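# Structural description and commentary
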Amino acid sequence: MALTVELHTPITGTYTQPIGLFINGKWVEGVDKKKFEVINPSTEEVITSVCEGNEKDVDAAVEAARHAFEGEWRKTSANKRSRLLLKLADLLEENLDLLAAVESLDNGKSINMARGDVGSVVNCIRYYGGWADKIEGKTHDIDPDMFHYSIPEPIGVCGQIIPWNFPLLMWAWKIGPALATGNTVVMKTAEQTPLSALVATQFIEKAGFPAGVYNLVSGYGKTAGAAIAAHMDIDKVAFTGSTAVGRQIMKAAASSNLKKVTLELGGKSPNIVFDDADIEDAIHWVNFGIYYNHGQCCCAGSRIFVQEGIYDKFIDAFKKRAQENKVGDPFADDTFQGPQVSQLQYDRIMGYIQAGKDEGATIETGGERHGDKGYFIQPTIFSNVTPKMKIAQEEIFGPVCTIAKFKTAEDAIEAAHDTTYGLAAAIHTKDLNTAIRVSNSLKAGTVWVNSYNLIHHQIPFGGYKQSGIGRELGEAALANYTQNKAVHIKLA
Ligand code: TXE
């Protein structure tokens, strides 16, 4: 079976798309030789089919990753690991347009946003390339007759399961710190969006990573994903996705080999606008906070709270702003919002919109499908929402937000905390005291002041409460992929 196909995007023209699994440094078709279809969310048409990995392919990938971990990779110097990652970053950068076009085709995000994503991918891989030879241990001055040191060592074989909302960026956030610290990887991409990671894997090959260090299994969660979570020879699993699946992964880790677990899960993040905020600026960030990436962001600012003094003025201007967001073809230069990723996500979001209507909330704008082909949904704002409504409590993961009034900072904080999640939050104010006091009170892994969605590879990202365990990005992510060894030497 040919393990590539020729595909077309408006940006690149025809390009060669790998469709195989990448195991032990080779492209393979998978033990059962099955394939699954990849759908273009803008047209609902099949783009291509790619090889489908299952439990047996995960076994083969783990065996290769174990062999590399105990062998060549353990003997590879930190400086060499650094150079490999830096080389990979260069190759990804040279192919930025191709990777962005594939991402737009497969995921539906606008080409400009996809370019931004791939730029962040390059920065992330380069950043962790920089870390690889700067990971140091400590000596401990305790007793003149002893010599004590402690060192961070890699954990081993890491299973990594990623979602479809930022397919290539999540790939980079996972492999960057894992490979920098000397682990080996079995990566499973989301079944909705396998294409960009397959293209990027060609550059892993080209950069010259030893066979088995990085393995890629495209496939479904219930088969390949579950096999990773329950595998007896995977030492650590890192997951980004729904809270429900996060729980299953922890359970599978606990009942198999107690592999280490980090989770980056959902959110229902509050975006709080105070009376003294610069209204135009706040509207820009509130709009970007919810509608960026079509609302398919774990940190989406989906619950908007506006202080009573400016509420009426704010809601009128925000409605206008939301209506101006250009919804349509991801490859058009002025598109802000493309389609939702899949029929399933489209149905889930339309289900939430219906639930909001049924529970008596008011639609200020949107609430319908956009166009008649593709999974496009109008930017939607609900008001008159009470805290216990489904749309106020559950992650919608689409271009839908709720807006409510508050009186005092204390009321806003109380409302912000009325959720099981704690991923992100934002405050808009000109008062430094309000900004700092409210930021310090919020139970959220990230707080933005007078901005939103500004995520940077140097800064840790992750959730309080049920939004996750552990932190990605920054130096903090290195701790997810290392374990400390203490050595106590009694001197003669
Ligand atoms: O997620 P899943 P879905 C949230 C968001 C969205 C909802 C459902 O609210 O509406 O989740 O999306 C793999 N064992 N987020 O159904 O199922 C799956 O193959 C192991 C938030 O797409 O969690 C994919 O690779 N793995 C989020 C990944 O898990 C399993 C991003 C995510 O899919 C598995 C995405 C299993 N039993 C959705 N079942 C974020 N935090 O950014 C599925 N998977």
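For the protein chain, the name recorded in an unreviewed UniProt entry is Aldehyde dehydrogenase, with Coniella lustricola as its organism. Looking at the Pathway (unreviewed entry) heading of the UniProt record, one finds this comment for the protein chain: "Alcohol metabolism; ethanol degradation; acetate from ethanol: step 2/2." UniProt lists a comment for the protein chain under the heading Sequence similarities (unreviewed entry), and it reads "Belongs to the aldehyde dehydrogenase family."

The helix and strand inventory of the protein chain stands at 15 helices and 24 strands. Taken over C-alpha atoms, the radius of gyration comes to 23 Å for the protein chain, in line with the 23 Å a tight globule of 492 residues would show. C-alpha extents for the protein chain along the principal axes are approximately 75 × 65 × 40 Å. A total of 492 residues make up the protein chain; the buried ones form 58% of that total. For the protein chain, contacts bridging at least 24 residues in sequence account for 74% of all contacts bridging at least 6. Just so you have it, the protein chain exposes about 19,600 Å², and 51% of that area is on carbon and sulfur atoms. The average position of the 48 basic charges and that of the 58 acidic charges among the side chains of the protein chain differ by 4 Å.

This part is about the domain arrangement of the protein chain. The assigned domain composition of the protein chain is domain 1 (4-265 + 468-487) and domain 2 (270-449). Here the C-alpha centre of domain 2 lies 31 Å away from the C-alpha centre of domain 1. The partner domain 2 presents 28 residues to the 28 residues of domain 1 that form the contact. It is Glu 44, Met 113 and Trp 164 that lose the most area in domain 1 upon contact with domain 2, and together they represent 25% of the buried surface on that side. Considered class by class, the residues forming the side of domain 1 that touches domain 2 number 11 nonpolar, 12 polar and 5 charged.

Reading across the sheet, the 3 strands line up as β7-β8-β24 and stay open at both edges, with antiparallel pairing between neighbours. What marks the edges here is a single partner per strand, and that holds for β7 (138-140) and β24 (482-490). Mean inter-strand twist for the sheet, computed between neighbouring axes without regard to direction, equals 25°. Taken together, the 9 bridges between strand β8 (residues 146-154) and β24 define a ladder with antiparallel strand orientation. Within the sheet, the bridge partner assigned to Glu 153 lies in β24 and is Gln 483.

What follows is about the UniProt feature "domain: Aldehyde dehydrogenase" (unreviewed entry) in the protein chain. Per the UniProt annotation, the sites labelled "domain: Aldehyde dehydrogenase" (unreviewed entry) are residues 27-487. A distance of 41 Å separates the end C-alpha atoms of residues 27-487, which is 40% helix and 21% strand.

Next up on the list: the confidence of the model for the protein chain. Across the protein chain, the average pLDDT comes to 98, with 100% of residues at or above 70. If you check the scores for this complex, the pTM reads 0.98 and the ipTM reads 0.99.

To continue, consider the site of the ligand. Contacts to the ligand come from 27 residues, most closely from Ile 162, Trp 164, Glu 191, Ser 242 and Glu 395. Contact between the ligand and Ile 162: an oxygen atom at 2.8 Å from a main-chain N or O atom of the residue. In this structure, a nitrogen atom belonging to the ligand sits 2.9 Å away from a main-chain N or O atom of Leu 265. Across the complex, the protein chains shield 90% of the 810 Å² of accessible surface that the ligand would expose by itself. For the shell around the ligand, the elements supplying multiple residues, two or more each, are α7 (221-230), β12 (236-240), α8 (243-255) and α11 (343-358). Here the shell around the ligand is composed, by residue class, of 12 nonpolar, 10 polar and 5 charged. Counting the residues that make up the shell around the ligand, at least three belong to each of domain 1 (4-265 + 468-487) and domain 2 (270-449).

The rules behind each value
Residues numbered from 1 in each chain as written. Predicted model: local features only at pLDDT ≥ 70, side-chain atom pairs only at ≥ 80, totals over all residues. Heavy atoms only, no water. UniProt positions renumbered as here; feature names shortened; annotations may be inferred. Helix = DSSP H or I, 4+ residues; strand = E, 2+ residues; numbered from the N terminus. Rg over C-alpha atoms; globule rule 2.2 N^0.38 Å. Buried < 20%, exposed > 50% of the residue type's maximum accessible area, 1.4 Å probe, protein only. Contact = heavy atoms within 4.5 Å. Areas by Shrake-Rupley, 256 points an atom, 1.4 Å probe, with all protein chains shown as cover. Lys, Arg positive; Asp, Glu negative; His and termini not counted. Charge placed at Lys NZ, Arg CZ, Asp CG, Glu CD. Domains from an automatic or database assignment. Buried area = accessible area lost by both parts, 1.4 Å probe. Nonpolar A, V, L, I, M, F, W, Y, C, P; charged D, E, K, R; others polar. Pairing = 2+ DSSP bridges. Axes fitted to C-alpha atoms, helices over the stretch in contact; angles between N-to-C directions. pLDDT = per-residue confidence, 0-100. Near = heavy atom within 4 Å. Polar contact = N/O pair within 3.5 Å; in protein donor to acceptor, adjacent residues only side chain to side chain.

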